[in-house]
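Residue-level structure breakdown
If you want the building blocks of each chain, they are given just below.
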Amino acid sequence: AAASGMAQTVRRRLVVRGVVQGVGFRPHVARLAGELGLAGWCRNDSTAVEIEVAGPVGAVDAMIGRVVAEAPRLARVARVDELDPTTRELPSPFAIDDSQDRHGELTMIPPDTAPCERCLAELSDPADRRYRHPFVTCTHCGPRLSITRALPYDRASTTLADFAMCDRCAAEYTDPADRRYHAQPISCHDCGPRIALRDADGSLLAEATEDVLERTVAAIADGRIVAVKGIGGYHLACDAANAGAVAALRARKQRPSQPFAVMAADLETAGALVDLGCPELLDSPERPIVLLPARDGAPICAEVAPGLGETGVVLPYSPLHHLLFASTASGRSGPRALVMTSGNISSEPLCYRDEDALERLAGIADLFLTHDRPIAVPVEDSVLAWSERTGPVALRRSRGYAPLPVELGAGRPVVIAAGAELKNTVTVVRDGKAFVSGHVGDLESLASREAHARVVEQMLAFHRASPGVVASDTHPGYTSRAWAQARAGGWGVRHVEVQHHHAHLASLAAEHGLLGEDLVGLVLDGTGYGCDATIWGGELLRLRDGGRVADRLGHLGAVRLPGGDAGVRNPCRTAALALLDAGVELDGTAPGDELTDAEASYLRGVARTGTGASVTSSTGRLVDVLASIIGVRHRIDHDAQAAIELEASAARWLRANPGLGGVCGDRSSEVPRGSAKGEGAAEGDRSSEVPRGSAKGVPDLPFALAPVDDPTTPQGEGGPTLVLDPRPLVRATAAAAPTADPGALAFAVHRAIAAGMAELAAASCERTGTTTVGLTGGVFVNRLLLHLVATDLTRRGLTPLRHRLVPANDGGLSLGQAAVAWRTLSM
Amino acid sequence: MGHGGGGAMSAELVESLFVPGYGEAAATELGDAAVLPPVEGRLAFSTDSYVVKPMFFPGGSIGDLAVNGTVNDLAMVGARPLYLSTAYIVAEGTPMEQLGRVAEAVGRAALAAGVRLVTGDTKVVDHGSGDGVYINTAGVGVVPEGVELAASRMRPGDRVIVSGAIGVHGVAVMSCREGLEFGTTVESDSAALHGLVADVLATGGDVRVMRDPTRGGVSATLNELASASGTGVVLDERLLPVPAEVRDACGLLGLDPLQVANEGKLVAVVAAEDTDRVLKTMCAHPLGAEATVIGEVVADHPGVVVARTGIGGTRVMDMPIGEQLPRIC
Ligand SMILES: [Fe+3]
Ligand SMILES: [Mg+2]
Ligand SMILES: [Zn+2]
Ligand SMILES: [Zn+2]
């Protein structure tokens, strides 16, 4: 055909899936189309963003490339499919269609993110019409999940539905060239939500924005405790430098020692409190709380995070937070660092409804800084720990991250997983994607159980899903299990029970897309109900059959736990029993000195008679035992306190003695297996930092590994179950404790556990012919142990595989339960 | 004397122990069946088996429990207990001296409770098929006109009363089980409660339902009542009468005092307006001297028992699962 002078014109239609709603995706498409002079339309529906464009071939190709390449900062494109073009007449210029809801596969709700730079600039620009507007937001930032009532994500389905836009906001909202084009939470001083200040009995003290801010900042500076309504719920705030205020908060919250998070005004302030390590993490749009090494002489009082050498720091993540740190209309400046702790009564869920907060927090807060934009979904802060050696380690994955999905694969079943008992989360699987909820909490209180049920209902409603199976733990005493059983019965669907550590390993496999492959994993944990009705927690499991089956190839030998959870709360008791069981008399040991006469005589009876204690293979309990023997912590008032302080003690010693932390006496060096390759090595295991050879002051502690016949092991698995006997380590630690530096000994026990566990994993890999070792379970939020185990495995030529998305602790358990149940039904 | 090493222990031999042991509490003839005089009113009938280990514990024995347990089951439906049967399963090798002490305890408890032991049975089983002594008792009593006690009568606003300190019996039994010591000398408070119940009913106050919180403790009892009535129960932890020794022992054992077994205690659900009257009457009785209100019935959370903690939180009191399995991960 003869070439014509006209450029060839094409017409194409695309469907973009992923996190593409509520992130400015359609405005982005419209802007591109406008820039390239293309005709066409795009629309949000409940399944995706659909785009149809027509124009010169080069321009259309450019457009299609840039739609993904230049996607807005909050968008996550999962997939782009091409459809046959329609025959309808295309609007020119390009236009955005109104939303329409098609009841099909749904797009995802984006997480809540911190204000973007441009919004912050407006917030502090006296000439801008949103100067000091506490709700400034645009398509690139702001609340999302927390204000979403339904999908598709549209103004009418958010908690801003009742706020009618003023003309100027409406103009921005409908102008494709504007940064707020279709920004659902858009508002301004004229039409948006309003803040207010109330006193503890609920009476209104101030409602004009500047008056409210003035009085709030003054109250905080005066040492008062203020309940602040943030993005996902209420926080309790006070001046972190005011010891009286912090002590009052501890007393009123009945939280004697658990660390509080600190919100720093900005990165510079944060840098004065902690060694920033990884500023990008703190400053990321997700704005997690990050545990970082505390600076000596930091301008906050020690009672904020006593005795750890670390502080959890977070930067402001709502415009209102920024305003609390800005100078007020009268020129007053408040504190630069605020304690910012969840607004709840100990062990209850976060308060997020105004009446509820006023009622439940009345005995804690002096004042309430509130506002009238409702929170639809409560969202707790996310918490990450960070170290040079490990990078970020998730402790709680919630605000900023939830509910981003984990892809499981193709498969129909809708699964709901009830999660664990503590650090509960819930997971819904739909269309092969596992959506893990934010942090729900501990299910002991009535309010938490109601919160758990509500999260499930909300997630099912968002996904318009009715579950085909309900998954839970196997523990007979878990509320979440009883709930799952009752709900499965009510819905007339299957209840699949997944053993605790099987679920942990499956969560790790799921987040790495490895469910289909055989995987050996070290599951080092606190306590979980085992298949033999004892309590497990130091397991070497092999995951197989697509994740459906976990074989117990090895485990930690018995650590007995006296008196159930009372033993967990009193590590000195577990330690005393472990000493007696290892043949060590209590006199002269640190636990022996700590015990009351009644405890000592009782525990001697338990040791003598062999009754009165649960048999566990729990690494968490072994760590408790060692922490008490070393004298670090004998009784705890919050979760994993002894383990956290033992790690802190070792980390402090390592910092003070750089170069002494050699992995000395390392038995693995006798069996070199070539250089490390693969993911583990690439994950920054800087083993070269750690010199080899026996180092001064670091006792070399044994951790014997013995193969023991275990009838529960299936035949033909390459040998009997491998058991690590904890008694030699207990004896050696007790022998070293009277003379060793506690920090050095704390480091030595970490190293001994790591070496023993790595040996256990290596022996299992040899038997099963695998080379990748999963590292999961709550103990692996211990960064030192994670590093030591990973380094040891790498040196043996094995590839450690660790969590990147979900936490290694029970916060990830619902994902594992969901993955196993989903696989069970999909295959 | 022990029969473990010597000749076989026979039922007849064993039976010869009981009549003297029972003393005045026994009918003149302990036949295979008893013929009893006519009674006025509705009959209450109950049976229970007793397997407590150890058989003897501070403040009591399996013999006291076997009488008081069944007497109390009758008392809890408002009955005046009249007659008991006793049936023993004795393991070969159990010392005769121990059996004698058990029989005496049964006789003493029956006499104290004012019930007659009218029929019974004994079986001896091989050593290995059993261990020590098991006792089944059945009892009949008569329920006075107008007395109607049932969980279905519970209404929101009703008060929950417990007749005294909780957890005492369970801790006493555990304190001597398997040679564990926890520095306490708590004695079992096992007792027959029908006298206390009669006084309470005589007040004319509207008592909705009564239970003796034995196995699973106050927690199990209230869970049963909540489920059966379709109401919720809210306890105030600060009001619970838990003696310091019980609290300490539970702290060591990792038990919740609310889940520890009681004997000689009752839980009553009483209409709010009658609570003071009932409480005053209970406190005037020696077995109810420490009676106190511990909570109330609510319309919220039907079937669920919640304890309010000192700091304004709530703790759901689940039905005990029997074994203390750690849940902290
Ligand atoms: Fe766990
Ligand atoms: Mg009974
Ligand atoms: Zn913005
Ligand atoms: Zn406006």
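Owing to the predicted nature of the structure, the values given are computational and were not obtained by experimental measurement. (Residues numbered from 1 in each chain as written. Chains lettered and ligands numbered in written order. Predicted model: local features only at pLDDT ≥ 70, side-chain atom pairs only at ≥ 80, totals over all residues.)

Overview of the overall build of chain A
- Helices and strands together make up the secondary structure of chain A, namely 24 helices and 31 strands.
- For chain A, the C-alpha radius of gyration of 28 Å lies close to 28 Å, the compact-globule estimate for 827 residues.
- In terms of principal-axis extent, the alpha carbons of chain A reach across some 90 × 75 × 55 Å.
- The buried share among the 827 residues of chain A stands at 58%.
- Taking contacts inside chain A between residues at least 6 apart in sequence as the whole, the part at least 24 apart equals 73%. (Helix = DSSP H or I, 4+ residues; strand = E, 2+ residues; numbered from the N terminus. Rg over C-alpha atoms; globule rule 2.2 N^0.38 Å. Buried ≥ 20, exposed ≤ 12 C-beta atoms within 10 Å, placed from the backbone. Contact = placed C-beta atoms within 7 Å.)

Topic: the packing of helix 4 (residues 168-175) of chain B against helix 7 (residues 244-253) of chain B
Residues and elements named next belong to chain B.
- Axis separation between helix 4 and helix 7 bottoms out at 10 Å; the angle between their running directions is 55°. When the axis of helix 4 is compared with that of helix 7, the two are oblique. Crossing of helix 4 against helix 7: the hand is left-handed. Between helix 4 and helix 7, the residues in contact are Val168, Val171, Met174 and Ser175 and Val246, Ala249 and Leu253, respectively.
- A class-by-class count of the residues in the contact of helix 4 with helix 7 yields six nonpolar, one polar and no charged. (Axes fitted to C-alpha atoms, helices over the stretch in contact; angles between N-to-C directions. Parallel < 35°, antiparallel > 145°, perpendicular 65-115°, else oblique. Left-handed = near helix turned anticlockwise from the far one by under 90°. Nonpolar A, V, L, I, M, F, W, Y, C, P; charged D, E, K, R; others polar.)

Topic: the interface of chain A and chain B
- Taken together, the 47 residues of chain A in the interface contact 28 residues of chain B.
- At the level of secondary structure, the elements contributing two or more residues to the side of chain A that touches chain B comprise helix 11 (446-463), strand 23 (519-529), helix 14 (565-569) and helix 17 (597-609) of chain A.
- The greatest single-element share of the side of chain A that touches chain B, amounting to nine residues, is contributed by helix 17 of chain A.

Focus: the sheet that holds strand 22 (residues 494-497) of chain A
Residues and elements named next belong to chain A.
- Strand order in the open sheet made by the six strands is 17-20-19-18-21-22, with mixed pairing throughout. Both edges of this open sheet fall to strand 17 (405-407) and strand 22, since each of them pairs with a single strand only. Averaged over all neighbouring strand pairs, the angle between strand axes comes to 20°, with direction disregarded.
- By the bridge criterion, three bridges tie strand 17 to strand 20 (residues 433-436) in an arrangement that is antiparallel. Bridge pairing in strand 20 links Pro405 to Phe435.
- Across the sheet, helix 12 (residues 479-491) is in contact with strand 21 (469-472) and strand 22; its angle to strand 21 comes to roughly 165°. (Pairing = 2+ DSSP bridges.)

So, the domain arrangement of chain B
Residue and element names in this part refer to chain B.
- Entries for chain B in the domain assignment read domain 1 (11-143) and domain 2 (151-316).
- Taking only C-alpha atoms into account, the centre of domain 1 sits 26 Å from that of domain 2.
- Domain 1 puts 21 residues into the contact, and the matching count from domain 2 is 25 residues.
- Elements represented by at least two residues in the side of domain 1 that touches domain 2 include exactly helix 2 (62-76), strand 4 (80-91) and helix 3 (96-113).
- Looking at the side of domain 1 that touches domain 2 element by element, the count peaks at nine residues for helix 2.
- A breakdown of the residues in the side of domain 1 that touches domain 2 according to their chemical character gives twelve nonpolar, six polar and three charged. (Domains from an automatic or database assignment.)

Overview of the confidence of the model for chain B
All names here are of chain B.
- With 94% of its residues at a pLDDT of at least 70, chain B reaches an overall mean of 89.
- Every residue in residues 1-7 scores below 50 in pLDDT, and together they form nine contacts with partners more than four places removed in sequence or on other chains.
- Across the assembled chains, the prediction reports ipTM 0.87 with pTM 0.90. (pLDDT = per-residue confidence, 0-100.)

Let's talk about the environment of A:Val698
Residues and elements named next belong to chain A.
- When you line up the elements, Val698 lands in the loop between helix 20 (679-682) and strand 28 (705-707).
- What makes Val698 buried here is the crowd of 24 C-beta atoms within 10 Å.
- Distance from Val698 to Ala642, taken between C-alpha atoms, is 21 Å for residues 56 residues apart in sequence.

Observations concerning the pairing of strand 15 (residues 383-387) of chain A
All names here are of chain A.
- Of all five residues in strand 15, four are buried, a share of seventy percent or more.
- When strand 11 (residues 289-293) meets strand 15, the two strands line up parallel, connected through three bridges. Among the inter-strand pairings, Leu291 is bridged to a residue of strand 15, identified as Ala385.
- The pairing of strand 15 with strand 16 (residues 391-396) spans five bridges and is antiparallel. Bridge pairing in strand 16 places Val383 opposite Arg396.
- A loop of three residues connects strand 15 with strand 16, the two strands running antiparallel in sequence.

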